[in-house]
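# Topology and contacts: notes
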Amino acid sequence: MDSVPGLIAALNGLTQGIDEQMLIDLKSKFDLSRYERQIKVHIQDFPIDLRDIPSIIENTRKDLIWRFIATIFLAHTGIIDIWQEDSNVMVIKLQTNRE
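Sequence order as written defines the numbering, with residues in each chain counted from 1. It should be noted that, the model being predicted, local features are given only for residues of pLDDT at least 70 and side-chain atom pairs only at 80 or more, the latter also being counted only at that level, while totals for whole chains, interfaces and linings use all residues. Side-chain metrics in this entry use all non-hydrogen atoms of the structure; hydrogen atoms and water are not considered.

## As for the pairing of strand β2 (residues 80-85)
- Should DSSP find at least two bridges between two strands, the strands are taken to pair. Every helix listed is a DSSP run of H or I at least four residues long, and every strand listed is a run of E at least two residues long, numbered separately from the N terminus. Across six bridges, the pairing between β2 and strand β3 (residues 88-93) is antiparallel. Looking across to β3, one finds that Asp 81 is bridged to Ile 92.
- Connecting the antiparallel pair β2 and β3 is a turn made up of two residues, with Asp 86 showing a positive phi of about 55 degrees.

Written as structure tokens, this is what we have:
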């Protein structure tokens, strides 16, 4: 986490105000595969803000958190690149996945 400047602050900003009950709800309802598919459908060959990927569920705050988690997993598998620009989390298809 320390290798990406500002990542901890961005995570704290995304999760600020989450109470214990919401964490229990997140654990029981989060579908990583569904969110990974949603992100793959909407990422482009140019950078886009994570917030520009459409929500899957009605609770936009919870949805953004789940999109962020799925994005981290996709970045670790080498499908996308992720970085922070000010308070925005940007994503793009990796060069090897653009065809």
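## As for the packing of aromatic side chains
- We call Phe, Tyr and Trp rings a pair once their centres come within 6.5 Å, taking the six-membered ring for Trp, and we label the pair stacked below 30 degrees between planes, edge-to-face above 60, and tilted otherwise. Under the counting rule described, the total for this entry stands at three aromatic pairs.
- Ring geometry for Phe 30 and Trp 66: centres 5.6 Å apart, planes at 50 degrees, overall tilted. Taken together, the residues Phe 30 in the loop between α2 (20-29) and α3 (32-42) and Trp 66 in helix α4 (residues 60-76) connect sequence positions 36 residues apart.
- By relative accessible area, which is 24% here, Phe 30 ends up partly exposed.
- Each residue is placed in one exposure class: buried if its accessible area under a 1.4 Å probe, protein chains only, is under 20% of its type's maximum, exposed if it is over 50%, and partly exposed if it falls in between. Given a relative accessible area of 4%, Trp 66 falls into the buried group.

Purely geometric stuff here, so don't read any function into it on its own.
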